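Examination of the molecular architecture
Each chain, letter by letter, is given below.
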Amino acid sequence: MAKVNSNPMPMRNRPIVWTIAGSDSGGGAGIQADLATINDLDAHGCSVITAVTAQSSVTVASVEAVSPQILIAQLDVLATDLAPQAIKIGLLANQQQINLVANWLQRSLLQWRDRGFTVAVILDPVMVATCGDALTGAEALDFTPFKGLLTLITPNVTELATLAGRQLITPEQSVQAAQTLATQLKVSVIAKGGDIGPNWDKKLARDLLVCHQVTGVSSLHSEHSFWLTSSRIDTKNNHGTGCTLSSAIAAVMAHGFVLNDAVVVAKAYVSQGLARSYQPGSGSGCLARCGWPNTLSIYPFIEPLFEVAEKNNSNNLSTQGFKKLTTQLGVYPVVAELDMLRKLLKAGAKTIQLRVKDPADPLLEQKIVQAIALGRDYRAQVFINDHWQLAIKHHAFGVHLGQEDLVASNLKLLSEANIALGLSSHSYFEILLAMQHKPSYIAFGHIFPTTTKQMPSAPQGLRKLTRYVDLMQGELPVVAIGGIDSSTLAEVKKTGVGDIAVVRAVTEAVDPAGAYQALVKQWAEGE
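Remember, predicted model here, so these are calculated numbers, not experimental data. (Residues numbered from 1 in each chain as written. Predicted model: local features only at pLDDT ≥ 70, side-chain atom pairs only at ≥ 80, totals over all residues. Heavy atoms only, no water.)

Brief notes about the sheet that holds strand E18 (residues 499–502)
Read once around its circumference, the closed barrel built from eight strands follows the order E11-E12-E13-E14-E15-E16-E17-E18, with strand pairing classed as parallel. Averaged over all pairs of adjacent strands, the angle between strand axes in this sheet comes to 25°, irrespective of strand direction. Against the sheet, helix H14 (residues 461–472) engages strand E16 (441–445) and strand E17 (478–481), with an angle of about 165° to E16. (Pairing = 2+ DSSP bridges. Helix = DSSP H or I, 4+ residues; strand = E, 2+ residues; numbered from the N terminus. Axes fitted to C-alpha atoms, helices over the stretch in contact; angles between N-to-C directions. Contact = heavy atoms within 4.5 Å.)

Dropping the structure here:
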């Protein structure tokens, strides 16, 4: 069972999410499902109704599009007062509506961009209801007016086949169709049920994510394709799953999470909703609304496709995982020089990391050897940043790697050498990738702005850190890093994170040893 959301967003701080979609008189999909999902994920929902449907859980009896005038009027009046952080688009009843909304969006996105903010736009190309009834003349619809305007499009495999203009029998055909669609519309694609075919595993729910120039994400993940696999929930109460997924993605992006994060959170949200679904009528029932998903087991397994998978071959994977830490990390200094490392060990540090910034440093190996020896002398957990080959060679206690280092590193050899592993993470997506390797701890950051190193993402902030900590409770030690010092330590402590890594707060202090000891005391007292 999913854990209860322990940190709901205060009402006054909720981001605004629009849903542009049809009304479902049965309440299980469309505008009704969208608004329920958006509210459940701590956002404020606004609606632009494109069509009124007469439908129940067993049939769609009638669909009537609203007039062009009322469609545009809804958009215009909302824009003057309730500008969105994200927009979900569902049922567009005809080609005229597609053209109108696309033209309106093109103008508005430019205006919002000029005002300093971008708006994520998620398109769910609704064509067939769960009960099997067609909602539009799907074959005649052309979504190319949205080219370059969308963040993500979310067709199921049937809709993907319609958009591709051909049958999709194998997973390879789904991949090709999704990648073609991504190129045509300049958009990321999630193909729901993209594994369909005669040999697909009915116990698994596999969706295909094709990333297209995702911003705010490591280059390792921004333009690649991934299978997202979860256990298939055995229920017929799946009315509105597509609406729920797309509106959940929009809501999560409105909170400032990047696309890859929003997709995996939304998929987990749908999984927990299906697991607790209910049946109000005679046909397919509805998903439950269970709040922000913070149980790790309901999140999908991420499997990179093709170019990444070829580099990240099976020799790089550790099946047994990495050793558990016996000493709490606490206040965890990250230093670049041996002298600083020695001072802090002498001051009582029991966990510390040596991060030599210059890989061409002629004394690199010598520094690593001395750092490892100092760790043994002081009975401390000394982690070596990046240089895993030298860590293995000289029997280091631990290695810390960034996500970008996973492809080039041999985690199997590290695990066999009984070396502890710490992995950096900047997102939900990277948490899931890290957890698949069963590391010794995960570091989240950067929490606040930092000049220590060039970062691929924006600062995470305390609210995101709280989300990550809620997800990871009881799983692994969690370390917060990035811009943390005595002035921010108390607020970081309130998130529930167990450990913190510090850099400049110690290394740039007049008295590094004294600064470290003061931080340890402050952290222990929670002030």
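Quick notes on the confidence of the model for the protein
On average, residues of the protein score 89 in pLDDT, and 88% of them reach the 70 mark or higher. Below a pLDDT of 50 lies the segment residues 129–133, which in the model reaches 14 contacts outside its immediate sequence neighbourhood of four places, other chains included. Predicted confidence is poor over residues 307–315, with pLDDT under 50, and the contacts of this stretch with residues over four places away or in other chains come to 11 contacts. (pLDDT = per-residue confidence, 0-100.)

Describing the packing of aromatic side chains
For the structure on display, the rule yields 15 aromatic pairs. Ring plane angle 45° and centroid distance 5.8 Å describe the contact between Phe-257 and Trp-292, whose orientation is recorded as tilted. Placement of the pair is Phe-257 in the loop between helix H6 (241–254) and helix H7 (259–275) and Trp-292 in the loop between H7 and strand E10 (301–304), with a sequence separation of 35 residues. Assessed through its relative accessible area of 4%, Phe-257 is described here as buried. (Phe/Tyr/Trp six-rings, centres within 6.5 Å; stacked < 30°, edge-to-face > 60°. Buried < 20%, exposed > 50% of the residue type's maximum accessible area, 1.4 Å probe, protein only.)

Digging into the sheet that holds strand E4 (residues 86–89)
Here we have 10 strands laid out as an open sheet, ordered E3-E2-E1-E4-E5-E6-E7-E8-E9-E10, and mixed in their pairing. Each end of this open sheet is capped by a strand with a single partner; those strands are strand E3 (60–65) and E10. Here strand E8 (residues 204–210) runs beside strand E9 (residues 225–231); their pairing, made up of seven bridges, is antiparallel. From the neighbouring strand, Arg-206 faces E9, where its bridge partner is Thr-229. Sitting on the sheet, helix H5 (residues 171–185) is in contact with strand E6 (152–153), strand E7 (188–191), E8 and E9, with an inclination near 35° to E8.

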